[in-house]
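Structure at a glance
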Amino acid sequence: MLTEQPSENIGGSMAAAFLALLRRDLLLAFRRRTELLFPVAFLLVVVSLFPLGIGPNPALLARIAPGVIWIAALLATVIALDGLFRSDFDDGTLEQFILSGHPLTLLVLAKIVAHWLVAGLPLVLLSPLLAIWMNLPMESLGVMVLTLMLGTPILSLIGSIGVGLTVGLKRGGQLLSLLVFPLYVPILIVATAAVMAASDGLPYGAFLGLLTAGLVISVTLAPFAAAAALKISLS
Amino acid sequence: MNHAPFIWASYAISTLVLLWSAVAPLISKKAAIKNIRTFNLAKEQSRDADS
Amino acid sequence: MNPDTRKMKTDRPRKNPLVMFIHKLGSPPWFYGFTGKFVPWLWAVFTVLTVWGLYLGLIKAPPDYLQGEIYRIMYIHVPAAWMSMMIYVLMAGMGFIALIWRIRTMEIMAMNSAPIGAAFTLIALATGSLWGRPTWGTYWVWDARLTSELVLLFLYLGVIGLFKAMDEPRKAARAASLLALVGLVNLPIIHFSVKWWNTLHQGSSISLTGSKIDPSMLWPLLIMAVAMKFYYAANLITRSRVTLLQQDLRKSWTRDVIEDATPERIL
């Protein structure tokens, strides 16, 4: 009797489990509101250092703006990612996920989505301000926001694999950046190229298409790899 | 420009890296063999002490 | 049950020799003994090929009409660059086998490939940089090939770093193998994006190797490339045997191996 019921239950409740975990993570993040500001503050501080270090020449700032904002967003994402699975790993919740009978891949995806909403989306919303600071031409401001909108989820998705591999380690944070930055190279290249093309008045649709393709591929593949990584870390 | 120093430097660096990569396991092999010997010696001594 | 089939079963089971070979390769003592027999031969072939290749490349081959003598760096730079990529693919492939079938010798071979691959990447970077000084005028140009090699070095360092950061070697090997696989999926994307980024920013596009190459220059290159493959095989097996000794310190087969061996066979 017991063997029959859950299989039906699980089949019907996969979406429910996904949404429940998403809600829980968002609720947890919302209870610690101040921590939500950390990645945003980090991004602001890092970007503001560039004019101080390079000089306030508007043309020069406009030239390096896409790269600076993107690299700062990359750093902010990786710093925020470090905590993606940590508390669930420490208190044994991850083991419960595996025992729950739901595919770990789906639960991992829910955690990544929640994490992006909390740590990635604020960066995207903040980016127009940064673009103005860096004197980016108004025409390319929209493209900048679009690339971040498409690109930061890819960063979270690929990063989750690295987090899954390093979650059991004491000094996982520094290792994490070594593991994931090389994998971020193509995204950085395509995204900054799109913004630069827009600044120069060139067509940029192809770049956005590439980013979208990257997003689709990483949504389908990265959760599997992250789930496999977590299983290794938990073994 | 004289190119010879660059060619020699390339081959010198390559030789050093490849040589080090080949010798490093031999050094750790010596240590590993020593470890195995001490482990087995300690085991035999404890066995002798028991009997 | 038919008595004939029962008799068959009591006999030693007959298996496909290839399957048997793979099963045996998974057994550490057998692996240790089997590889110990031919590893000196691999080193010997590597030495002969290297001497022959360098003789042809550095002494016999004529200077290039465009680049002069400096092109002779090619005989180490190009094989090293090829090896750096080939070893990454092999490492990820062995890591895949290790992840699926949990074969310990495969885990060890995958992990011991990483430092060798990193060494070849380092050689490719250093020699490329030394080649760049006379041709480009600087030691470093963000050329597509050098940049790809640099990213590849970071990928290797990530695999090595993750492997060293975990205490339990088998778990570490599986984690690092998974990372190598993720890197392998990304490697073509990285390679093409870097290439494309380079043309986008119109960096110096002097290609290091000419489009057409004379046979007197090609042969030494091919010989060196094969020599480096023997180096990899010999070094990988040497390293893997040492790792087996380190990990199986408390098992009886390691004692038997080192007690039976004469001093010169140990080294």
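Before going into details, it helps to say that this report is about the structure given with it. (Residues numbered from 1 in each chain as written. Chains lettered and ligands numbered in written order. Predicted model: local features only at pLDDT ≥ 70, side-chain atom pairs only at ≥ 80, totals over all residues. Heavy atoms only, no water.)

1. Here we look at the overall build of chain C
Quick reminder of the rule: Put simply, DSSP marks the helices as runs of H or I at least four residues long and the strands as runs of E at least two long, and each gets a number from the N terminus on. Only protein chains enter the calculation, and the probe is 1.4 Å; a residue is then buried if its accessible area is under 20% of its type maximum, exposed if over 50%, and partly exposed in between. Two residues form a contact once any of their heavy atoms are found within 4.5 Å. Using a 1.4 Å probe, the Shrake-Rupley method yields the accessible areas, and only the shown protein chains count as cover for residues.
Helix and strand counts for chain C come out as ten helices and zero strands. Listed by position from the N terminus, the elements making up chain C come as α-α-α-α-α-α-α-α-α-α. When the 267 residues of chain C are sorted by exposure, 50% land in the buried category. When contacts within chain C are restricted to residue pairs at least 6 apart in sequence, long-range pairs at least 24 apart make up 77% of them. Accessible surface computed for chain C: about 13600 Å², of which carbon and sulfur atoms make up 66%.

2. A word on helix α6 (residues 144–165) of chain C
This is how it is decided: Given a helix with a known number of residues, its expected span is that number minus one, times 1.5 Å. Contacts described as polar in this section are N or O atom pairs within 3.5 Å, which, within protein, must combine one atom able to donate a hydrogen with one able to accept it, while residues neighboring in sequence count only if both atoms come from side chains.
Taking 1.5 Å as the rise per residue, α6 of chain C with 22 residues should run 32 Å; its terminal C-alpha atoms sit 31 Å apart, in good agreement. Sitting at the amino-terminal end of α6 of chain C is Asp-143 of chain C, which places a side-chain oxygen 3.1 Å from the backbone nitrogen of Arg-145 of chain C.

3. Here's the deal with the interface of chain C and chain A
The criterion, for reference: Here the quantity called buried area is the accessible surface, traced with a 1.4 Å probe, that two parts lose on coming together, added over both. Within this document, salt bridges are pairs made up of a side-chain nitrogen of Lys or Arg and a carboxyl oxygen of Asp or Glu, the two lying within 4 Å of each other.
Taken residue by residue, the interface counts 26 residues in chain C and 22 residues in chain A. Of the roughly 2000 Å² buried where chain C meets chain A, counting both sides, 84% is carbon and sulfur surface. Ranking the residues of chain C by area buried against chain A places Lys-171, Leu-178 and Trp-196 of chain C at the top, with a combined share of 22%. On the surface where chain C and chain A come into contact, there are zero salt bridges. Mapped onto the side of chain C that touches chain A, the elements with two or more residues apiece are α6 and α7 (169–200) of chain C.

4. Details of the arrangement of the chains
For the two pairs of chains in contact, the maximum contact count is reached by chains B and C. At no point do chain A and chain B touch; the closest pair of C-alpha atoms across them sits 23 Å apart.

5. Topic: helix α3 (residues 28–60) of chain C
One turn of the α-helix equals 3.6 residues, which is why residues spaced by three or four share an orientation. Formally: A residue's bend is the angle separating two fitted axes: one through the seven residues that end there, the other through the seven that start there.
Along its 33 residues, α3 of chain C runs 45 Å from first to last C-alpha, staying within 8% of the 48 Å computed at 1.5 Å per residue. A maximum bend of about 35° is found in α3 of chain C at Gly-36 of chain C, where proline Pro-40 of chain C lies one to four positions downstream.

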